[in-house]
Amino acid sequence: MNETNAGGVRRRSVEIVVPVSNEAHVLADSIGRLDAYLEDSFPFPFRITIADNASTDATWTVATGPTLRLPHVHAQRLEQKGRGRALKHVWSRSTADVVACTDIGLSTGLDGFLPLVAPLLSGHSDLAVGSRLHRQSAVVRGPKREFISRCCNLLLKAGLGAFPHSRLRSSAGTPTSDAQCGFKAVRTEVFRALAPHTEDTAWFFDTELLVLAQRNELRVHEVPVDRVDDPDSRVDIVRSALDDLKGMARMLRATVTGRTRVHAVPRRTTVPQNVTPLPAGAATAVEPMEYAS
């Protein structure tokens, strides 16, 4: 994955992690579609990692199949359950410049993947989130999931908004509309700094990471997504909502005590490395970004 361009410069890369637990029935087809899409449409080096967290069905056996025939696909197995635990494990060990995640059902349209990671690869932003609740998103979902999702996001905004430095906002300065969408990406060096400060091992992990990023004044990019919710989803949305409330209370306590401050977070430079500073009034010389053929 550490490829170089014609000039010998290492090209920036992305690792996309797909957490799975008892998903043997859909895994092979979904990973095949994801790999084919990225192979045809994604202009940067990439790696797909299947993160099996304590499946009790044939998921691990099925997961090893694509790794034998698709060079971009790899698999890791964890003996403990937890989506957040799986992401933290793989992301912390990644050699890619940017790490990302999506669900095994590929409910979120993959056309949003490049807009999600591009600001991170360029160095413009630190973390990127897909939003199902953005006004430009196109989402098909049941009324129960829609109601619970919107209520949870409103509670997150209301609760965390009680502290000025914890308000969930995008790089444009507008409130982040969807903290729970499982379509996210982060610069790897930033994640490594934040990872020791994350505690949740399940679904609140995403929100916890977002709160930590914004509490430390990192730049968060939000993209609208196209999504059709998977009717076969194994997520217990009521339990997930209750866990979110517990997580929110914990993050509020951490904010009050100052435990959300991370001093070792890498900071973006004022002038990107590929831009040559010139005198005022002169045009800037920017090296073009390298794309795969």
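Keep in mind it's a predicted model, so treat the numbers as computed, not measured.

**Comments concerning the sheet that holds strand β5 (residues 127-131)**
- An order of β3-β2-β1-β4-β7-β5-β8 is seen for the seven strands of this open sheet, with the pairing classed as mixed. With one partner strand each, in any of the chains shown, β3 (73-78) and β8 (220-224) form the two edges of the open sheet. Each strand of the sheet is rotated relative to its neighbour by a mean of 20°, with strand direction disregarded.
- Pairing geometry for β5 and β8, over five bridges, is parallel. The residue of β8 that forms the bridge with Leu127 is Val220.
- Each of β5, β7 (184-187) and β8 is contacted by helix α7 (residues 205-215), which is oriented at about 130° to β5, the strand it contacts most.

**Focus: the side chain of Ser125**
- Relative to the helices and strands, Ser125 is located in the loop between α4 (113-121) and β5.
- There is a polar contact of 2.8 Å between the side chain of Ser125 and the side chain of His124.

**Regarding the pairing of strand β1 (residues 14-20)**
- Taken across its seven residues, β1 has seven buried, putting it largely inside the fold.
- Residue alternation in β1 divides its side chains into two sets, Val14, Ile16, Val18 and Val20 and Glu15, Val17 and Pro19, and both sets are buried.
- Of the strand pairs in this sheet, β1 and strand β2 (residues 46-53) are connected by seven bridges, and their pairing is parallel. Bridge pairing in β2 places Val20 opposite Asp52.
- With helix α1 (residues 24-41) bridging β1 and its parallel neighbour β2, the resulting β-α-β unit is right-handed.
- In terms of strand pairing, β1 meets strand β4 (residues 98-101) through four bridges, oriented parallel. From the neighbouring strand, Glu15 faces β4, where its bridge partner is Val99.

**Quick notes on the environment of Trp203**
- Note on placement: Trp203 falls in the loop between α6 (188-194) and α7.
- Spatially, the C-alpha atom of Trp203 lies 8.7 Å from that of Gly182, the residues being 21 residues apart in sequence.

**Structural notes on the confidence of the model for the chain**
- Averaged over the chain, the pLDDT score is 81; the fraction of residues at 70 or greater is 71%.
- Between residues 162-167, whose pLDDT stays under 50, and residues either more than four places distant or in other chains, the model counts 13 contacts.
- Ignoring residues within four places in sequence, the model shows residues 270-293, a span with pLDDT below 50, making 22 contacts including any to other chains.

Conventions we followed
- Residues numbered from 1 in each chain as written.
- Predicted model: local features only at pLDDT ≥ 70, side-chain atom pairs only at ≥ 80, totals over all residues.
- Heavy atoms only, no water.
- Pairing = 2+ DSSP bridges.
- Helix = DSSP H or I, 4+ residues; strand = E, 2+ residues; numbered from the N terminus.
- Axes fitted to C-alpha atoms, helices over the stretch in contact; angles between N-to-C directions.
- Contact = heavy atoms within 4.5 Å.
- Polar contact = N/O pair within 3.5 Å; in protein donor to acceptor, adjacent residues only side chain to side chain.
- Buried < 20%, exposed > 50% of the residue type's maximum accessible area, 1.4 Å probe, protein only.
- Right-handed = clockwise from strand over helix to strand, strands pointing away.
- pLDDT = per-residue confidence, 0-100.

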